[in-house]
Amino acid sequence: MSMKLRALLSAYIRQNLLLILTAAGAAGIFLVVIALYQLPAESVGYASVLTALFLLAAGLLRFRHFCKKHRELEALRDQITVPAVPLPETANLIERDYQELIRLLDRELGKIVYEKDRAYQEMMEYYTIWAHQIKTPIAAMRLLLQTDNEPDKDELREQLFRIEQYTEMVLQFIRLDGKGTDFVFRTAALDDCIKQAVRKYAKSFIRKQIRLNYEPVDARILTDEKWLVFVIEQLLSNALKYTNPKGEISIYMHPGRPCALVIEDTGIGIDPADLPRVFEHGYTGFNGRADKKSTGIGLYLCKRIMDRLSHTIEIESEPGRGTRVILGLATAPLEVE
């Protein structure tokens with residue numbers, strides 16, 4: 001008999017000790033009565049053997065059920081990965097199994113509550129920043145409309161564009177954390193995605209007099225076009241924000257990596273100490289603190305979206321010489337079984 005089986009049998013006997021003692025007491029009374037009345041030994045012995053076999057079979061069935069229940073509870077415990085809850089002292093093995101299961105469930109609940117609280121805190125932080133962001137273009141538009149002269153339509157359009165941009169970002173933030181994110185994966189022309197983003201910021205290129213270097217890349221990728229366009233738009237927005245007038249932004253395929261798109265600018269660059277943290281939620285870095293308008297959300301969203309699309313995103317930068325963002329868009333080959 002194995003050690004585990006002996007341990008289970010010992011636990012079973014301890015759990016059913018009262019029942020065993022009761023049965024032993026009943027058998028003792030039975031034998032005393034037989035002895036007092038001097039009943040035939042053969043008949044009594046036959047009945048005793050049958051009774052003993054019946055009780056043994058019932059006991060074995062109960063023991064089998066006990067072992068099965070123990071294994072089921074152990075399996076459940078191993079499937080749960082989760083602070084200890086103070087529980088009363090256990091009386092038997094099954095109670096200990098249930099208590100262990102309760103403790104694991106309590107830890108798992110604690111982790112879920114923590115994640116929900118963290119997500120809620122991130123959401124509140126972002127909405128607070130967004131509310132302050134959106135006030136700036138609205139106030140600027142109000143001032144333009146309150147002037148005695150005819151308001152500058154180009155400036156009004158610029159402020160309206162900023163409102164639309166902030167609104168789109170908050171909508172994507174909500175959708176990304178939603179239960180049913182609407183990803184639709186199809187083979188798409190990468191040039192179509194790039195052109196959609198470039199068209200959106202065409203007036204910003206003209207207004208800031210920034211040159212765009214782009215030739216069709218002639219590549220097709222498996223992706224969700226809408227979400228990838230959003231990522232490219234955010235990267236162009238950042239490049240335009242931190243590139244001085246007369247600067248350049250280039251879009252091209254990486255010469256040394258398959259299916260990797262590069263968006264490069266000649267802007268102010270990123271401090272080396274900030275590079276490892278640029279994708280963190282709410283991290284603005286040296287440039288963001290100097291700009292006073294950065295939220296630290298754009299690159300965070302880009303990283304999360306690229307992860308969900310099974311793509312990669314990397315940033316290389318040197319202060320004063322510009323930034324390169326590399327989007328890894330390669331797709332693993334699909335095998336039909």
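Rules used in this analysis
- Residues numbered from 1 in each chain as written.
- Predicted model: local features only at pLDDT ≥ 70, side-chain atom pairs only at ≥ 80, totals over all residues.
- Heavy atoms only, no water.
- Helix = DSSP H or I, 4+ residues; strand = E, 2+ residues; numbered from the N terminus.
- Buried < 20%, exposed > 50% of the residue type's maximum accessible area, 1.4 Å probe, protein only.
- Areas by Shrake-Rupley, 256 points an atom, 1.4 Å probe, with all protein chains shown as cover.
- Pairing = 2+ DSSP bridges.
- Axes fitted to C-alpha atoms, helices over the stretch in contact; angles between N-to-C directions.
- Contact = heavy atoms within 4.5 Å.
- Salt bridge = Lys/Arg side-chain N within 4 Å of Asp/Glu carboxyl O.
- Core = buried A, V, L, I, M, F, W, Y, C linked by side-chain atoms within 4.5 Å.
- Patch = residues over 30% accessible without salt bridge, like charges linked within 9 Å, V, L, I, M, F, W, Y side chains within 5 Å.
- Expected span 1.5 Å × (residues − 1).
- Polar contact = N/O pair within 3.5 Å; in protein donor to acceptor, adjacent residues only side chain to side chain.
- Parallel < 35°, antiparallel > 145°, perpendicular 65-115°, else oblique.
- Left-handed = near helix turned anticlockwise from the far one by under 90°.
- Nonpolar A, V, L, I, M, F, W, Y, C, P; charged D, E, K, R; others polar.

Asks: Can you explain the overall build of the chain? Please cite residues and give values.
Replies: Helix and strand content of the chain: 10 helices and seven strands. Out of the 337 residues in the chain, the part that is buried amounts to 35%. Carbon and sulfur atoms make up 60% of the accessible area of the chain, which totals about 21,400 Å².

Asks: Could you give me a rundown of the sheet that holds strand 2 (residues 211-214), with the residues and numbers involved?
Replies: The five strands are arranged 2-4-5-7-6 in an open sheet whose pairing can be described as mixed. Two strands lie at the open edges of the sheet, namely strand 2 and strand 6 (312-318), each paired on one side alone. Neighbour to neighbour, the strand axes of the sheet diverge by 15° on average, direction disregarded. Pairing of strand 6 with strand 7 (residues 322-328) involves seven bridges; the strand directions are antiparallel. Considered in strand 7, the bridge of Ile 313 is made with Leu 327. Relative to strand 5 (residues 260-265), helix 8 (residues 225-242) is tilted by about 20°, and along the sheet it contacts strand 4 (248-253), strand 5, strand 6 and strand 7.

Asks: How would you sum up the pattern of salt bridges? Please name residues and give values.
Replies: Under the criterion given, the structure shown has seven salt bridges. Of the charged contacts in the structure, one is a salt bridge between Lys 200 and Glu 233, with a shortest N-O distance of 3.3 Å. With a gap of 33 residues between them, Lys 200 in helix 6 (residues 190-200) and Glu 233 in helix 8 connect regions that are remote in the sequence. Exposure remark for Lys 200: the relative accessible area of 31% places this residue in the partly exposed category. Assessed through its relative accessible area of 11%, Glu 233 is described here as buried. With its nearest N and O atoms 3.9 Å apart, the salt bridge here joins Arg 321 to Glu 318. Residue Arg 321 is classed as exposed on the basis of its relative accessible area of 63%.

Asks: Mind laying out the pairing of strand 4, listing which residues take part and the relevant values?
Replies: The sheet contact formed by strand 2 and strand 4 spans four bridges and is parallel. In the strand pairing of strand 4, Arg 211 is matched with Glu 248. In this structure, the hairpin formed by strand 4 and strand 5 is closed by a connection of six residues, where Cys 259 is found at a positive phi of approximately 50°.

Asks: Quick one: what's the story with the nonpolar core, residue by residue and with numbers?
Replies: Core analysis: the largest hydrophobic core is formed by 46 residues, its most contacted members being Leu 190, Ile 194, Ile 232, Leu 235, Leu 236, Leu 261 and Leu 327. Those elements that provide at least two residues to this core are helix 5 (153-176), helix 6, helix 8, strand 4, strand 5, helix 10 (298-308), strand 6 and strand 7. Not counting chain neighbours up to four residues away, the residues in contact with Leu 327 comprise Val 231, Ile 232, Leu 235, Cys 259, Ala 260, Leu 261, Met 306, Thr 312 and Ile 313. Residues Ala 11, Phe 63, Leu 93 and Ile 94 belong to the second largest nonpolar core, which totals eight residues.

Asks: Outline a nonpolar patch on the surface, listing residues and values.
Replies: On the surface, a nonpolar cluster with roughly 650 Å² of combined accessible area is contributed by Ile 29, Val 32, Val 33, Leu 36, Tyr 37 and Leu 39. Residue placement: Leu 36 occurs in helix 2 (residues 17-37).

Asks: Run through helix 8, naming residues and quoting values.
Replies: Between its first and last C-alpha, helix 8 extends 26 Å over 18 residues, near the 26 Å set by a 1.5 Å rise per residue. Helix 8 sits mainly inside the fold: 14 of its 18 residues count as buried. For helix 8, the N-terminal capping position is held by Asp 224, with its side-chain oxygen 3.2 Å away from the main-chain nitrogen of Lys 226.

Asks: Break down the packing of helix 5 against helix 8 for me, citing the residues and quoting the values.
Replies: Direction vectors running N to C along helix 5 and helix 8 enclose 135°, while the axes themselves pass 12 Å from each other. Between helix 5 and helix 8, the crossing angle belongs to the class labelled oblique. Crossing geometry of helix 5 relative to helix 8 is assigned as left-handed. Residue-level contacts link Gln 165, Glu 168, Met 169, Gln 172, Arg 175 and Leu 176 of helix 5 to Trp 227, Phe 230, Gln 234 and Ser 237 of helix 8. When grouped by side-chain class, the residues that make up the contact of helix 5 with helix 8 number four nonpolar, four polar and two charged.

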